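Observations on the model geometry
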Amino acid sequence: AAACGCCVLTNALPAHTRIQELFPANQSMVYYRGPISLLSRLWQLWRDPGWREKIATEGQHRVIKHHTQQTRAEQLVREVQALTRSGESQAKRFR
């Protein structure tokens, strides 16, 4: 939804998922923690179209910049290279 320029309202996930590092709260995504929080966030978004649009725009920007197939492939290549270098240095220790 964020990639399409929609404002995303979603449940808050546990900290270990690190989702808020990817999509900061109230900047590129809106999170809620239970039914009352959900209603409150819905009301805020409904009453403030400018904020809703800002969330949508920033969310879309983050997806386009950081979450494309190209960027994922580049991240994977960097990870493999790092593992390869790490493996090479460990192999040298055992020679």
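What you are looking at is a predicted structure, and each value in this text was computed from that prediction instead of being measured.

**Brief notes about a nonpolar patch on the surface**
- The grouping of Ile36, Leu39 and Leu42 at the surface amounts to a nonpolar patch, some 330 Å² of accessible area in total.
- Within the secondary structure, Leu39 is located in helix α2 (residues 35-47).
- On the accessibility criterion, Leu39 (55% relative accessible area) is exposed.

**Here we look at the environment of Thr68**
- Note on placement: Thr68 falls in the loop between α3 (49-66) and α4 (69-93).
- Relative accessible area serves as the criterion here: at 27%, Thr68 is assigned to the partly exposed category.

**As for the packing of aromatic side chains**
- Under the defined criterion, the tally for this structure stands at one aromatic pair.
- Measuring from ring centre to ring centre gives 5.2 Å for Trp43 and Trp46, while their planes differ by 35°; the resulting arrangement is tilted. Residue Trp43 and its partner Trp46 are located together in helix α2, separated by three residues, close to a single helical turn. Side by side, Trp43 and Trp46 carry an identical accessibility label, which is exposed.

**Digging into α3**
- Look at α3: 26 Å from first C-alpha to last across 18 residues, which is about the 26 Å you get at 1.5 Å a residue.
- Trp51, Ile55, Ala56, Gly59, Arg62 and Val63 are the residues of α3 that are buried. Projected onto a plane normal to the axis of α3, the buried residues spread over an arc of 140° and lie on a single side. α3 presents Lys54 and Ile64 as exposed residues on the side facing more than 90 degrees away from its buried surface.
- Where the residues of α3 are buried, they touch α1 (19-22), β2 (30-32) and α2.

**Some words on the pattern of salt bridges**
- Under the definition given, this model contains two salt bridges.
- Put simply, Arg18 and Glu21 hold a salt bridge, and the shortest N to O gap is 3.0 Å. Like Arg18, the residue Glu21 is exposed in the burial classification.
- Where Glu58 meets Arg62, a salt bridge forms, and the shortest distance between an N and an O atom there is 3.2 Å. Here the residue Glu58 and the residue Arg62 both occupy positions in helix α3, the gap between them amounting to four residues, near one helical turn.

Rules used in this analysis
Residues numbered from 1 in each chain as written. Predicted model: local features only at pLDDT ≥ 70, side-chain atom pairs only at ≥ 80, totals over all residues. Heavy atoms only, no water. Patch = residues over 30% accessible without salt bridge, like charges linked within 9 Å, V, L, I, M, F, W, Y side chains within 5 Å. Areas by Shrake-Rupley, 256 points an atom, 1.4 Å probe, with all protein chains shown as cover. Salt bridge = Lys/Arg side-chain N within 4 Å of Asp/Glu carboxyl O. Helix = DSSP H or I, 4+ residues; strand = E, 2+ residues; numbered from the N terminus. Buried < 20%, exposed > 50% of the residue type's maximum accessible area, 1.4 Å probe, protein only. Phe/Tyr/Trp six-rings, centres within 6.5 Å; stacked < 30°, edge-to-face > 60°. Expected span 1.5 Å × (residues − 1). Arc of directions from axis to C-beta. Contact = heavy atoms within 4.5 Å.

All quantities given are derived from atomic positions and should not be read as evidence of function.
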